[in-house]
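Residue strings, one per chain:
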Protein chains: 2
Amino acid sequence: MRARALENPVELILKKRDGKQLSDAEIQGLIAGYLDGRVADYQMSAWLMAALLRGLDERETAALTRAMLRSGKVLGLKSVTAPKIDKHSTGGVGDKISLCLAPLVAACGVVAPMIAGRGLGHTGGTLDKLEAIPGYRVELDPRRFERVLREVGASIIGQSSDIAPADRRLYALRDVTGTVESVPLIVASILSKKLATGSDGLVLDVKVGRGAFMQDLASARELGRALVRTARRAGLATVALITDMNAPIGRSIGNALETREAIDVLHDQGPSDTRELTLVLGEEMLVLARRTSSRRAARALLERALADGSALERFARMVRAHGGDARVAEHPERLPRARVRVPLLAKHSGTLSHVDAWELGWVSVALGAGRTRAEQAVDPGAGIELCRSAGERVGRGEPLAFLCAAKRSLIDAQLGRAQAAFRVGGRLTPHELVLERLTH
Amino acid sequence: MRARALENPVELILKKRDGKQLSDAEIQGLIAGYLDGRVADYQMSAWLMAALLRGLDERETAALTRAMLRSGKVLGLKSVTAPKIDKHSTGGVGDKISLCLAPLVAACGVVAPMIAGRGLGHTGGTLDKLEAIPGYRVELDPRRFERVLREVGASIIGQSSDIAPADRRLYALRDVTGTVESVPLIVASILSKKLATGSDGLVLDVKVGRGAFMQDLASARELGRALVRTARRAGLATVALITDMNAPIGRSIGNALETREAIDVLHDQGPSDTRELTLVLGEEMLVLARRTSSRRAARALLERALADGSALERFARMVRAHGGDARVAEHPERLPRARVRVPLLAKHSGTLSHVDAWELGWVSVALGAGRTRAEQAVDPGAGIELCRSAGERVGRGEPLAFLCAAKRSLIDAQLGRAQAAFRVGGRLTPHELVLERLTH
């Protein structure tokens, strides 16, 4: 079947075009053929468009995930005997949760092997945030990664070239052929990388709202369900939380600013929503790892690890193991800062009814915290410090936020857009932090 | 708009993917960008798949046709003052009509400038049939083409590289990306070439049935309507006849065999269906050219040109102008013949109820009359001589047909399939030659 599939990729395109299902062997043949050049880019893009418009069913999505996973190395992590639980967020604005969550669960006896990404579009990337720490290296070879996990219990690295190479090539092709927005293709892309770490469980943070890729609950639920079902089909115990992403998470957007906030949380401080999101995701990880039998018991363990400094200590060890300056754990002022910092003042008094994560995400990118072209470097100090959250009162002339960048001109160009992202007065829409919990 | 379209081809893919309409300028930009390399093959194939699955409306189809036409040279043919009417068939089995029709209408004062094609799949190609005439050259430069049209009134040539180059590249891409079977894409491909000859009118022979690309009347009607509407939108007076293509046309399949049958028709002989199809298409051409005001009057002119030898004389002149051996007009035995000729005998007596054009088309290709790979040469002598048509009686042991090829082994390999293409006994399904006539 595999040979046949590769003899004529057009047959596989026609099958999907005409709304039929491909067999597991055909999907495996398509991906293998794409990697070895027997399926051309222009054939794969036609197939991807047909798949986007006609859909892939659960079995096909699982087969695609497996084929992409098998295109590269699967880490055994055999010497890591403690339960290994991964966490993945679909991307948001101000989402620094992984930075505090990984050392926190490690302090509670759960190993967190995470392969993280760069900023994409208006959202930040965990790797960019970690690299704000002087010296931190996100590239570890598999043996070093395994050793850090064994010794520290938490390690966050980038996707090396031998992890799911089919995903890297397919993602680049989807990006330039209008075939990104397909739930089955997104699922296969995410899970092929997650399965490669050989974790025992996965907690998904599926974000929904103005600052997320999924703007409405129905789409987020569709993605969350497809992720959970496909992951479980692949033998990975998985839970997804659908969480609100209308306003930025916490009080900071931008790499060093967010790393600092994560450190604040590890000091048992920091904004309440950042702390709460860290705790609810940590509860799921501890329960999946069978570290505790209830989420309530898990929370008690997690809160103790924040209070007694053991989570912060794990963070420092993780940073050191990655070659970074571990002194930032106690002295976050060592993190890089922007040269220019300009307040954004409220034009009238009132209650802040909306802070738009989408707009502020793009403002932060423009200030230098993100990229508009793949080859750009990010400015670790750039970003936004928020002074008020939705629901809080602000007086006229008081600062809503500080914009931080390397040059005044970068800030001036964003003042108007930033101002418009804050609505003072008007109806306050209350948002639950966790909207749904999906287990199947 | 054009510059913008080329800055980001992904936007144009997304638009079509999401079921929106592209503006004329966007379609023009897409095609121009594809030709100059700013739109990659993998982007065009994704767009083609989106267009196939989402559709193109009439305006978009017309814009695509225009953009493809404008990608190359448009022949003025200004020195040809008589009305110029083109004819196009969507392809069938035994379809040698162009060979007798072009000189026939020329003899009646209508110029026939035809750009013809090669065999495709199970169907034959007019160029391959003409090349069965010793010396006949299908490549004429535009000035020579114009001169032949001026002096003879009929010329059939191949598509030169400067006619609609976008169509040639797009067709090659569609062929390997599963994006052939789309009515708007087929329409744009056909009409971009037809418009390039600068004709005053176009008669379309849209074939339907077992031996055609369109197997049912609804599909043929959809294609015919789209062709007529798009052509009229481009200012080309057009009529389409939907004609039956269940059984082969006439009594011959294969290049020299079909050329000989066309010569028979020009001698006022030949099979009645070949003659009748030539006459009904000729009627439409004469009326479109305003040579006569009614189809009945047109038929009288055409029949006279067959009877008085003037059509045959035009054929000889056309062949001579193309460098071919014009003696074949009076001595068709000069055409190449196959070395081996084997009768296919009826296994029992009865009325022949069905002769399957699709099966015999493929048998003829396998005997050497067509290609299974683009670079193959065709055998001019190979093919099938039919001895009986559907509705006629045949006695047991009498020949149904003769199979002709260069080697006995080629014939032996096809005997079973050829036999199965003839059904003796059973219900005879009568077929009208012309099923519908579409004028808008």
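Please read these numbers as outputs of a predicted model, since none were measured by experiment. (Residues numbered from 1 in each chain as written. Chains lettered and ligands numbered in written order. Predicted model: local features only at pLDDT ≥ 70, side-chain atom pairs only at ≥ 80, totals over all residues. Heavy atoms only, no water.)

1. Re the packing of aromatic side chains
Residue and element names in this part refer to chain A. Rule in force here: Put simply, two rings from Phe, Tyr or Trp (the six-membered ring, in Trp's case) pair if the centres are within 6.5 Å, and we call them stacked under 30 degrees between planes, edge-to-face over 60, tilted for the rest. Each helix corresponds to a stretch of at least 4 residues labelled H or I by DSSP, and each strand to a stretch of at least 2 residues labelled E; elements are numbered beginning at the N terminus. Buried means the residue's accessible area, taken with a 1.4 Å probe over protein chains only, is under 20% of the maximum for its type, while exposed means over 50%, and partly exposed covers the values in between.
Applying the stated criterion across every chain yields a total of 2 aromatic pairs over all chains. Ring centres of W358 and W362 lie 5.8 Å apart, and the angle between their planes is 80 degrees; on these two criteria the pair is classed as edge-to-face. Highlighted residues: W358 and W362, both in helix α16 (residues 357–369), separated by 4 residues, approximately one helical turn. A relative accessible area of 27% places W358 in the partly exposed class.

2. Things to note about the packing of helix α6 (residues 97–107) of chain A against helix α14 (residues 295–307) of chain A
Residue and element names in this part refer to chain A. Test applied: Lines are fitted to the C-alpha atoms to define the axes, a helix being fitted only along its stretch in contact, and any angle between axes, read from their N-to-C directions, falls within 0 to 180 degrees. Roughly parallel covers angles under 35 degrees, roughly antiparallel covers those over 145, roughly perpendicular covers 65 to 115, and oblique covers all other angles. Contacts were defined at the residue level, with two residues in contact if any of their heavy atoms lie within 4.5 Å. Note on residue categories: nonpolar means Ala, Val, Leu, Ile, Met, Phe, Trp, Tyr, Cys or Pro, charged means Asp, Glu, Lys or Arg, and polar means any other residue, Gly included.
Their axes nearest at 9 Å, the elements α6 and α14 cross at an angle of 105 degrees. The orientation of α6 relative to α14 falls into the category roughly perpendicular. On α14, the residues that touch L104, V105 and A107 of α6 are L302, A305 and L306. Here the contact of α6 with α14 is built from residues that sort into 6 nonpolar, no polar and no charged.

3. What about the relation of the copies chain B and chain A?
Convention followed: Residues reaching a pLDDT of at least 70 in both copies supply the C-alpha atoms on which the copies are superposed by least squares.
For the pair chain B and chain A, the relating rotation is 179 degrees, the translation along its axis is 0.0 Å, and the fit reaches an RMSD of 0.0 Å. One copy is carried onto the other by what is essentially a two-fold rotation axis. Distance from the rotation axis, computed per C-alpha, reaches its smallest value in chain B at B:Y42: 1.9 Å.

4. Focus: the pairing of strand β11 (residues 399–405) of chain A
All names here are of chain A. Put simply, the rule is: We call two strands paired when DSSP finds no fewer than two bridges between them.
β11 sits mainly inside the fold: 6 of its 7 residues count as buried. With 6 bridges joining them, strand β7 (residues 340–345) and β11 adopt antiparallel strand pairing. Counted as the bridge partner of L344 is A401 from β11.

5. A word on unusual backbone geometry
All names here are of chain A. Look at L77: it is not a glycine, yet its phi comes out positive at around 50 degrees. By secondary structure assignment, the location of L77 is in the loop between α5 (58–70) and β1 (85–89). According to the relative accessible area criterion, L77 is buried, its value standing at 3%.

6. Considering the domain arrangement of chain A
Residue and element names in this part refer to chain A. Defined as follows: Where a domain begins and ends is set by an automatic assignment or by a domain database. Put simply, buried area is how much 1.4 Å-probe accessible surface two parts lose in total, over both of them, once they are put together. By definition here, a salt bridge exists when the distance from a side-chain nitrogen of Lys or Arg to a carboxyl oxygen of Asp or Glu is within 4 Å. In the analysis that follows, any N or O atom pair within 3.5 Å is treated as a polar contact, provided that within protein one partner can donate a hydrogen and the other can accept it, and provided that, for residues neighboring in sequence, both atoms belong to side chains.
One can read the domain layout of chain A as domain 1 (2–55), domain 2 (85–332) and domain 3 (337–424). Taken together, the contacts link 9 residues of domain 1 with 13 residues of domain 2. Taken together, both faces of the contact between domain 1 and domain 2 bury some 1000 Å²; the carbon and sulfur share is 78%. Looking only at domain 1, the three residues that lose the most surface to domain 2 are Y34, L48 and L52, adding up to 51% of its buried area. In this structure, the connection of domain 1 to domain 2 is made through 1 salt bridge. Here domain 1 and domain 2 share 2 residue pairs in polar contact (both at pLDDT 80 or more) between them. Among the elements of the structure, α3 (24–36) and α4 (41–54) are those that each provide at least two residues to the side of domain 1 that touches domain 2. The element best represented in the side of domain 1 that touches domain 2 is α4, accounting for 6 residues.

7. Some thoughts on the environment of B:A112
Its location among the elements puts B:A112 in strand β2 (residues 112–116). If we ignore the near neighbours within four places in the chain, the residues touching B:A112 are B:I85, B:A102, B:V105, B:L149, B:G153, B:A154, B:S155 and B:M285.

8. What about the packing of helix α9 (residues 165–175) of chain B against helix α10 (residues 183–195) of chain B?
Residue and element names in this part refer to chain B. As a reminder of what qualifies: Crossings are classed by handedness, with left-handed meaning an anticlockwise turn of the near helix from the far one by less than a right angle and right-handed meaning a clockwise turn.
With their axes 10 Å apart at the nearest point, α9 and α10 run at an angle of 150 degrees to one another. Relative to α10, the element α9 is oriented roughly antiparallel. Crossing geometry of α9 relative to α10 is assigned as left-handed. Along the contact surface, α9 presents D167, Y171 and R174, while α10 presents L185, I186, S189, S192 and K193. Looking at side-chain class alone, the contact of α9 with α10 contains 3 nonpolar, 2 polar and 3 charged residues.

9. Observations concerning α4(A)
Definition in use: One less than the residue count of a helix, multiplied by 1.5 Å, gives the span that helix is expected to have.
Its 14 residues place the ends of α4(A) 20 Å apart at the C-alpha level, agreeing with the 20 Å of an ideal helix rising 1.5 Å per residue. Along α4(A), the residues classified as buried are A:Q43, A:M44, A:S45, A:A46, A:W47, A:L48, A:M49, A:A50, A:A51 and A:L52. Those residues of α4(A) that are buried are in contact with α2 (9–17), α3, α9 (165–175) and α10 (183–195) of chain A together with α2 (9–17) and α4 (41–54) of chain B. In the segment just after α4(A), A:G55 is the residue with positive phi, at about 90 degrees.

10. Description of the interface of chain B and chain A
Contact residues are listed per partner, giving 22 residues for chain B and 22 residues for chain A. Interface of chain B and chain A: buried area, both sides summed, is about 1600 Å²; carbon and sulfur atoms make up 72% of it. Contact with chain A buries area across many residues of chain B, yet B:R17, B:Y42 and B:L53 alone supply 35% of it, more than any other trio. Taken together, the connections running from chain B to chain A amount to 2 salt bridges. There are 9 residue pairs in polar contact (both at pLDDT 80 or more) connecting chain B and chain A. Those elements giving two or more residues to the side of chain B that touches chain A turn out to be α2, α4 and α9 of chain B.

11. Brief notes about the confidence of the model for chain A
Residue and element names in this part refer to chain A. The line we're drawing: Confidence scores here are pLDDT values: one per residue, from the predictor, ranging 0 to 100.
Across chain A, the average pLDDT comes to 94, with 98% of residues at or above 70. Across residues 1–5 the pLDDT falls below 50, and counting only partners more than four positions away or on other chains, this stretch makes 10 contacts in the model. Here the complex is predicted with pTM 0.85, and the ipTM for its interfaces comes to 0.82.

12. Quick notes on helix α3 (residues 24–36) of chain B
With 13 residues, α3(B) should reach 18 Å at 1.5 Å per residue; the first-to-last C-alpha distance of 18 Å fits that figure. Listing the buried residues of α3(B) in full gives B:E26, B:I27, B:G29, B:L30, B:I31, B:A32, B:G33 and B:Y34.

13. As for the sheet that holds strand β12 (residues 422–424) of chain B
Residue and element names in this part refer to chain B. Ordered in space as β10-β8-β12, the 3 strands form an open sheet in which the pairing is antiparallel. Strands at the two margins of the open sheet, each flanked by one partner only, are β10 (393–394) and β12. Where strand β8 (residues 350–355) meets β12, 3 bridges bridge the pair, whose relative direction is antiparallel. Within the sheet, the bridge partner assigned to L352 lies in β12 and is V424.

14. With respect to the side chain of A:T238
Its place among the elements puts A:T238 in strand β5 (residues 237–244). One polar contact links the side chain of A:T238 to the main-chain carbonyl oxygen of A:L236, over a distance of 2.8 Å.

15. What about the sheet that holds strand β4 (residues 201–208) of chain A?
All names here are of chain A. Reading across from one edge, β1-β4-β5-β13 is the order of the 4 strands in this open sheet, with mixed pairing throughout. Looking at the sheet topology across the chains shown, the edges are occupied by β1 and β13 (434–438). Each strand of the sheet is rotated relative to its neighbour by a mean of 15 degrees, with strand direction disregarded. Alignment of β1 against β4, held across 5 bridges, turns out to be parallel.

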